[in-house]
Amino acid sequence: MAVVAQTSNFPKLLAESVILSNTLIGRDKGARFFQYLARMLSGLTGREFWAKLLATLSVSRKTLRFWKPVKAAKAVSDLMQQPCHDSTARTLTLAEVISDGIYAGMDNIAFFQRVGAFPWMNSAQVDKLDRTIEIFWLTEIWSVLLRELRAYPKLRTA
């Protein structure tokens, strides 16, 4: 009986998966799942197929971030127009959004370098670019972490 109930939900699950795949988050998270699965299987098996899949998914996910700097600029504008009830939370949110926008913009440059658009960049410059990109990823994460840790005690008492 349980098997029949599960199989009758399959069309609904299939329809929901299509809806998810039509969203940016669904595509990015789905690709990230397979990218990290390929990373794990590449390390465990040493097979070239998994290494190639990992590299391909890594580069393809970057294309999903092409308009992210524009989206971040809009988010900053929207945040600045909203009334401020908690200046620290607002500052941390601004730091998060600005860092994410810079990260994505620099990641776009790195993407175009990797596909050959900037042949004048040598490997040392590319490595410095990657390290700089990681700084903005880290500042985004720290901003989110600090904001959420700050809000946690308020959530526990509510």
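Preceding block: the structure.
Residues numbered from 1 in each chain as written. Predicted model: local features only at pLDDT ≥ 70, side-chain atom pairs only at ≥ 80, totals over all residues. Heavy atoms only, no water.

**Q** It is not clear to me how the packing of aromatic side chains should be interpreted in this structure. Could you clarify?
**A** The geometry of an aromatic ring pair is captured by two quantities: the separation of the ring centres and the angle between the planes. Following the criterion strictly, the structure yields 6 aromatic pairs and no others. Pairing F111 with F112 gives two aromatic rings, centres 5.2 Å apart and planes at 80°, and the pair type is edge-to-face. Overall, F111 belongs to the buried group, its relative accessible area being 10%. Accessibility expressed as a relative area gives 35% for F112, which makes it partly exposed. Through a chain of ring-to-ring contacts, three or more aromatic side chains come together here, namely F66, F111 and F112. (Phe/Tyr/Trp six-rings, centres within 6.5 Å; stacked < 30°, edge-to-face > 60°. Buried < 20%, exposed > 50% of the residue type's maximum accessible area, 1.4 Å probe, protein only.)

**Q** Explanation requested: the pattern of salt bridges in the structure shown.
**A** Opposite charge on two side chains allows them to pair when their charged atoms are near. Tallying each qualifying case throughout the model produces 13 salt bridges. The salt bridge partner of D78 is K74, with a shortest N-O separation of 2.8 Å. With D78 and K74 both in helix α5 (residues 68-81) and 4 residues apart, this pair spans about one turn of that helix. Using a relative accessible area of 30% as the deciding quantity, one classes D78 as partly exposed. Here R131 ties to D127 by a salt bridge, and the two come within 2.4 Å at their closest N and O atoms. Pair noted here: R131 and D127 are both in helix α7 (residues 123-157), with a separation of 4 residues, about one helical turn. (Salt bridge = Lys/Arg side-chain N within 4 Å of Asp/Glu carboxyl O. Helix = DSSP H or I, 4+ residues; strand = E, 2+ residues; numbered from the N terminus.)

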